Amino acid sequence: MASRIIACIWSICLVTAEFLPISLLTPIATELGVSKGVVGQAITATAAMAAIAGPSLILVSGKPDRQKIVFGLTAMLIISNVLSAYATSIIILLVARALLGFALGSFWAMMAALALRLVPADKVPRAISILIMVSPSR
């Protein structure tokens, strides 16, 4: 049960980190002294890295220890959020958002595999739906 709750909380944190900056483009642009369009590239960097990371992780990981991968992705999420919060330049923000994109893409790619390991086979569809219900874009 604890694993399921942690997976759902992790999913909520990821989606929040992914979408929150969209509503903060103007304050971020002002703080960094760049245009809103330039800051918008941080959103694009997240999406581009997620699109590359998800399939790549699945292709290169083979039979991974998923627990270690999830811990690594959690560390990436934390580092990304700290870097984003304290970014003093657009470059730091872009790097932070790219890290988030890697964690994001990898997590969503591993979602089905996680559900298979966390719940009995007859409950897998329900588990996957619970894990992704926090994100209307999925």
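Report on the accompanying structure. (Residues numbered from 1 in each chain as written. Predicted model: local features only at pLDDT ≥ 70, side-chain atom pairs only at ≥ 80, totals over all residues. Heavy atoms only, no water.)

### Re empty space enclosed by the protein
- Within the structure shown, the criterion is met by one cavity of 30 Å³ or more.
- The volume enclosed by the largest cavity comes to roughly 30 Å³.
- Contributions of two or more residues to the lining of the largest cavity are made by helix 2 (25-32), helix 3 (36-61) and helix 5 (90-118).
- Residue contributions to the lining of the largest cavity peak at three residues, all from helix 3.
- Of the residues assigned to the lining of the largest cavity, the class counts are seven nonpolar, no polar and one charged. (1 Å grid on protein atoms, 1.4 Å probe; cavity = no way out; pocket = protein on both sides within 12 Å on 5 of 7 lines; lining within 4 Å. Points joined across faces, edges and corners; volume = space filled by probe spheres on them. Helix = DSSP H or I, 4+ residues; strand = E, 2+ residues; numbered from the N terminus. Nonpolar A, V, L, I, M, F, W, Y, C, P; charged D, E, K, R; others polar.)

### As for the nonpolar core
- The biggest cluster of nonpolar side chains holds 18 residues, and the ones touching the most others in it are W10, L14, L73, L77, F107, W108 and M110.
- When contributions to this core are tallied by element, the ones reaching two or more residues are helix 1 (2-19), helix 3, helix 4 (66-85) and helix 5.
- With eight residues, helix 5 is the largest single contributor of residues to this core.
- Of all hydrophobic cores here, the second largest spans seven residues; its members include L32, V39, A42 and L93. (Core = buried A, V, L, I, M, F, W, Y, C linked by side-chain atoms within 4.5 Å. Buried < 20%, exposed > 50% of the residue type's maximum accessible area, 1.4 Å probe, protein only.)

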